[in-house]
Amino acid sequence: MAIYGRDKIDIFGVFVETISFFCRKFGSLAGISLVFLLTVLTSSYFLQDRVALTGGFPRVDIPVIVRILILAVSFLIIIWVKAALINATAAQYQGSHFAYSEMTKDVNGKYWRIFRAVVLLEVVLLIPAIYFPIIDNIIDTVSGSTLTLLGLAAIGLFIYLYIKFTFVVPCAVLEDKNIACFRISSRLVKGNFWRICAGLLAFGLIENAIPLILSYVISGRLAWVVTPPNTSVLIYNLSINLGNQMAPAAMLSLQNVVLMAFNAFVIIPLEVAFITLLYLRSKEMVLERLAMDLSEDEETLQD
């Protein structure tokens, strides 16, 4: 168990616990990750870039509306997969009995509440992404330095909102909450904002560096794993270029298939487990703090 000072979470301790948990429970998480991989491979096959001629499987040229429907279905499935991983992580970490049938029933029963929370979170995170292009288009006389400051402000706002609402999805999956998840996440992050920010940043650097290194080992060059875009990227691309091509998905070359498999079976479960354990630990700390305050109040009353 990680050790905490009063009101301060040990990010490194949670990271070590995440690695240990992942190694012990890889088999149960892999079954869920397989759904994610199949979804990404299927969408990648149909959403390949229609302009660039690259290697891999034959390109499929399909109408824009069908591409949008494929992205929408992929988004719905990916929400389910991440909710299932959160459910499985929490159940096994807390020592509860875990079965795929029970997990599926629980996630299915909460799915639309989780979906609403995810979409609302994406909309909130979309605000910094769209305000900068809008300002750039409206104000033509803005100097380069001003645009740079606006861009930095947009990045800062995005990071602030992302960290503040990091626990919205775990809360929606594990609690009977909806909009209240935003308030709960904000409360749990309070007092540990910079620790959680540093932890997520370090974890993000690691989870992006590993696939790059793996791609270099496979092909002798660095390559990113390109997966179907999230809601924010999708909406932005639709708004500026609906008539041409959607955001390109990864071509199904052997290298990309291997990288996507690694992403599905290692990176995604690790990321979900890390945030879920952070959520559980932060919640434990709040409950411990409340218990200590209650105990102090009782001692004061007795005196």
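Please read these numbers as outputs of a predicted model, since none were measured by experiment.

So, how was this worked out
- Residues numbered from 1 in each chain as written.
- Predicted model: local features only at pLDDT ≥ 70, side-chain atom pairs only at ≥ 80, totals over all residues.
- Heavy atoms only, no water.
- Helix = DSSP H or I, 4+ residues; strand = E, 2+ residues; numbered from the N terminus.
- Buried < 20%, exposed > 50% of the residue type's maximum accessible area, 1.4 Å probe, protein only.
- Contact = heavy atoms within 4.5 Å.
- Areas by Shrake-Rupley, 256 points an atom, 1.4 Å probe, with all protein chains shown as cover.
- Patch = residues over 30% accessible without salt bridge, like charges linked within 9 Å, V, L, I, M, F, W, Y side chains within 5 Å.
- Salt bridge = Lys/Arg side-chain N within 4 Å of Asp/Glu carboxyl O.
- Core = buried A, V, L, I, M, F, W, Y, C linked by side-chain atoms within 4.5 Å.
- Expected span 1.5 Å × (residues − 1).
- Arc of directions from axis to C-beta.
- Polar contact = N/O pair within 3.5 Å; in protein donor to acceptor, adjacent residues only side chain to side chain.
- Phe/Tyr/Trp six-rings, centres within 6.5 Å; stacked < 30°, edge-to-face > 60°.
- Axes fitted to C-alpha atoms, helices over the stretch in contact; angles between N-to-C directions.
- Parallel < 35°, antiparallel > 145°, perpendicular 65-115°, else oblique.
- Nonpolar A, V, L, I, M, F, W, Y, C, P; charged D, E, K, R; others polar.
- pLDDT = per-residue confidence, 0-100.
- Disulfide = S-S within 2.5 Å.

### Examining the overall build of the chain
Item 1. Per the secondary structure count, the chain includes ten helices and zero strands.
Item 2. Residues counted as buried form 44% of the 303 residues belonging to the chain.
Item 3. Partitioning the intrachain contacts of the chain with sequence separation of at least 6 by distance along the chain shows that 76% fall at a separation of at least 24.
Item 4. In the structure as shown, the chain presents an accessible area of about 16,000 Å², 67% of it carried by carbon and sulfur atoms.

### Here we look at a nonpolar patch on the surface
Item 1. Taken together, the side chains of Leu149, Leu152, Ile155, Phe158, Ile159 and Tyr162 present a nonpolar region at the surface, about 560 Å² in accessible area.
Item 2. Counting through the fold element by element, Phe158 comes out in helix α5 (residues 144-164).
Item 3. Given the relative accessible area of 35%, Phe158 is considered partly exposed.

### A word on the side chain of Arg113
Item 1. The topology assignment puts Arg113 in helix α4 (residues 100-138).
Item 2. Leave out the neighbours within four places in its chain, and Arg113 touches Ala172, Glu175, Asp176, Lys177 and Asn178.

### Comments concerning the nonpolar core
Item 1. Counting residues in each nonpolar core, the largest one holds 66 residues, and the members touching the most others are Phe167 and Leu278.
Item 2. Sorting elements by how many residues they give to this core places helix α10 (residues 254-302) first, with 15 residues.
Item 3. For Phe167, the contacting residues outside a window of four places in its chain are Ser185, Leu188, Val189, Ile196, Ile275, Leu278, Tyr279 and Ser282.

### Notes on helix α7 (residues 180-189)
Item 1. Burial of α7 is extensive: eight of the ten residues sit out of reach of the surface.
Item 2. Within α7 the residues assigned to the buried category are Ala180, Cys181, Phe182, Ile184, Ser185, Ser186, Leu188 and Val189.

### Description of helix α1 (residues 11-24)
Item 1. Along its 14 residues, α1 runs 20 Å from first to last C-alpha, staying within 8% of the 20 Å computed at 1.5 Å per residue.
Item 2. Residues of α1 that are buried include every one of Ile11, Gly13, Val14, Glu17, Thr18, Phe21 and Phe22, and no others. In an axial view of α1, the angular spread of the buried residues amounts to 165 degrees, which keeps them on one side of the axis. The exposed set on the far side of α1, more than 90 degrees from its buried face, consists of Phe12 and Cys23.
Item 3. Among the residues of α1, the N-terminal cap falls to Asp10, whose side-chain oxygen and the backbone nitrogen of Phe12 are separated by 3.3 Å.

### Looking at the packing of aromatic side chains
Geometrically, a pair of aromatic rings is defined through the distance of the ring centres and the angle of the planes.
Item 1. Within the structure shown, the criterion is met by 15 aromatic pairs.
Item 2. Residues Trp112 and Phe115 carry aromatic rings whose centres are separated by 5.3 Å and whose planes lie at 75 degrees to one another, so their mutual orientation is edge-to-face. Of this pair, Trp112 and Phe115 both sit in helix α4, three residues apart, which is roughly one turn of that helix.
Item 3. Grouped by ring-pair contacts, the aromatic residues Phe75, Tyr111, Trp112 and Phe115 constitute a single cluster.

### Digging into the environment of Leu188
Item 1. Summarising the element assignment, Leu188 is placed in helix α7.
Item 2. When the C-alpha atoms of Leu188 and Leu278 are compared, they prove to be 9.7 Å apart, with 90 residues separating the residues in sequence.
Item 3. Ignoring any residue separated from it by four or fewer positions in sequence, one finds Leu188 in contact with Phe167, Tyr279, Ser282, Lys283 and Val286.

### Brief notes about the packing of helix α2 (residues 26-46) against helix α3 (residues 64-93)
Item 1. Remark: α2 packs on α3, axes separated minimally by 10 Å, with the N-to-C direction vectors making an angle of 170 degrees. For the element pair α2 / α3, the angle class is roughly antiparallel. Here α2 contributes Ser28, Leu29, Ile32, Ser33, Val35, Phe36, Thr39, Ser43 and Phe46 to the contact with α3, which in turn contributes Arg67, Ile70, Ser74, Ile77, Ile78, Val81, Ala84, Leu85, Ala88, Thr89 and Gln92.
Item 2. Considering only residue class, the contact of α2 with α3 consists of twelve nonpolar, seven polar and one charged.

### Some thoughts on the confidence of the model for the chain
Item 1. Per-residue pLDDT for the chain averages 77, and the proportion of residues at 70 or more is 71%.
Item 2. Ranking the helices and strands of the chain by mean pLDDT puts helix α6 (residues 168-174) first, with 94, and helix α9 (residues 231-241) last, with 41.
Item 3. The low-confidence segment residues 1-6 (pLDDT under 50) makes 16 contacts with residues lying over four places distant or belonging to another chain.

### So, the state of the cysteines
One covalent bond between the sulfur atoms of two cysteine residues makes up a disulfide.
Item 1. If you walk through the whole model with that rule in mind, you get zero disulfides.
Item 2. Here Cys171 is not cross-linked by a disulfide; its sulfur's nearest cysteine counterpart is in Cys181, at 3.4 Å.
Item 3. The exposure class of Cys171 is buried, given its relative accessible area of 0%.

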